[in-house]
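For reference, the chains in residue letters:
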Amino acid sequence: YQRRVHGGFKQMVNFGKSVKGKNPTPQDTKRFILKLRLKWKAENVEENDQEQEKVLKKRIELKDQFQDESKVSHFNRLKLLTHWRKIMRLAKTEALKKDIKFALQNHEREVDAKVAIISMLERDLEEADEQYQMALRNHLMHVDQLIAIQESRMQGLHEEFERDLRILKDEYDREKAEIKALHEREKVR
């Protein structure tokens, strides 16, 4: 039989005679094999216990390393995220500044266009006001002329009325005088 020894070396197990020159008995051989088995099992159990202890220590050590690594990884992730946010903030700030500059230029362009339209409308309004004033002056002149014509017509009508009134009065007075005279003559007769 060969048995495995710690360290990887192999050693020969002596199954032969226990004393030089003596043949072992089958019972001695059985005892010897039994002792070897027990010894081998005890060594195996010790080795298994040691290996399990090593595995357990290694597992604990790996778990501790994993926890340490997780903490470091979490911390680094937070640092990275903070740095990334800072970079993104800068990039976003630049983009917003460009957008604001573009919006400002558009706004100024629109304001200039509106100012141009307003100044054009002011000119149109001034021209329209001038035309209105001119039309109002012409209208007032025409109204004054019409009033003058109307007054002259009224004056003519008034004079005609006065003349007709005098004529009627004169005729009335004459007829009255004639009727009185006729009445007086009739009375005397």
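Before any of the text, the structure's been laid out above.
Residues numbered from 1 in each chain as written. Predicted model: local features only at pLDDT ≥ 70, side-chain atom pairs only at ≥ 80, totals over all residues. Heavy atoms only, no water.

*Asks:* How would you explain the overall build of the protein chain if you had to name every residue and give the values?
*Replies:* Of the regular secondary structure elements, the protein chain holds 1 helix and 2 strands. Counted from the first residue to the last, the protein chain has its helices and strands arranged as β-β-α. In the protein chain, which comprises 189 residues, the proportion classed as buried is 1%. A total accessible area of about 18,500 Å² is found for the protein chain, and carbon and sulfur atoms account for 59% of it. (Helix = DSSP H or I, 4+ residues; strand = E, 2+ residues; numbered from the N terminus. Buried < 20%, exposed > 50% of the residue type's maximum accessible area, 1.4 Å probe, protein only. Areas by Shrake-Rupley, 256 points an atom, 1.4 Å probe, with all protein chains shown as cover.)

*Asks:* So, the pattern of salt bridges: which residues are in play, and what are the values?
*Replies:* Per the stated rule, a full pass over the model turns up 1 salt bridge. Of the charged contacts in the structure, one is a salt bridge between E53 and K57, with a shortest N-O distance of 3.8 Å. Of the two residues, E53 and K57 are both situated in helix α1 (residues 26–188); the distance of 4 residues between them amounts to about one turn of the helix. Judged by relative accessible area, K57 falls into the exposed class, the value being 54%. (Salt bridge = Lys/Arg side-chain N within 4 Å of Asp/Glu carboxyl O.)

*Asks:* Before we move on, can you summarise a nonpolar patch on the surface with the specific residues and values?
*Replies:* On the surface, L78, L81, W84, I87 and M88 cluster together into a nonpolar patch covering about 470 Å² of accessible area. Relative to the helices and strands, W84 resides in helix α1. (Patch = residues over 30% accessible without salt bridge, like charges linked within 9 Å, V, L, I, M, F, W, Y side chains within 5 Å.)

*Asks:* Go over a negative patch on the surface with me, naming the residues and quoting the values.
*Replies:* On the surface, E122, D124, E126, E127, D129 and E130 cluster together into a negatively charged patch. You can see E127 is positioned in helix α1. Relative accessible area serves as the criterion here: at 47%, E127 is assigned to the partly exposed category. (Lys, Arg positive; Asp, Glu negative; His and termini not counted. Charge placed at Lys NZ, Arg CZ, Asp CG, Glu CD.)

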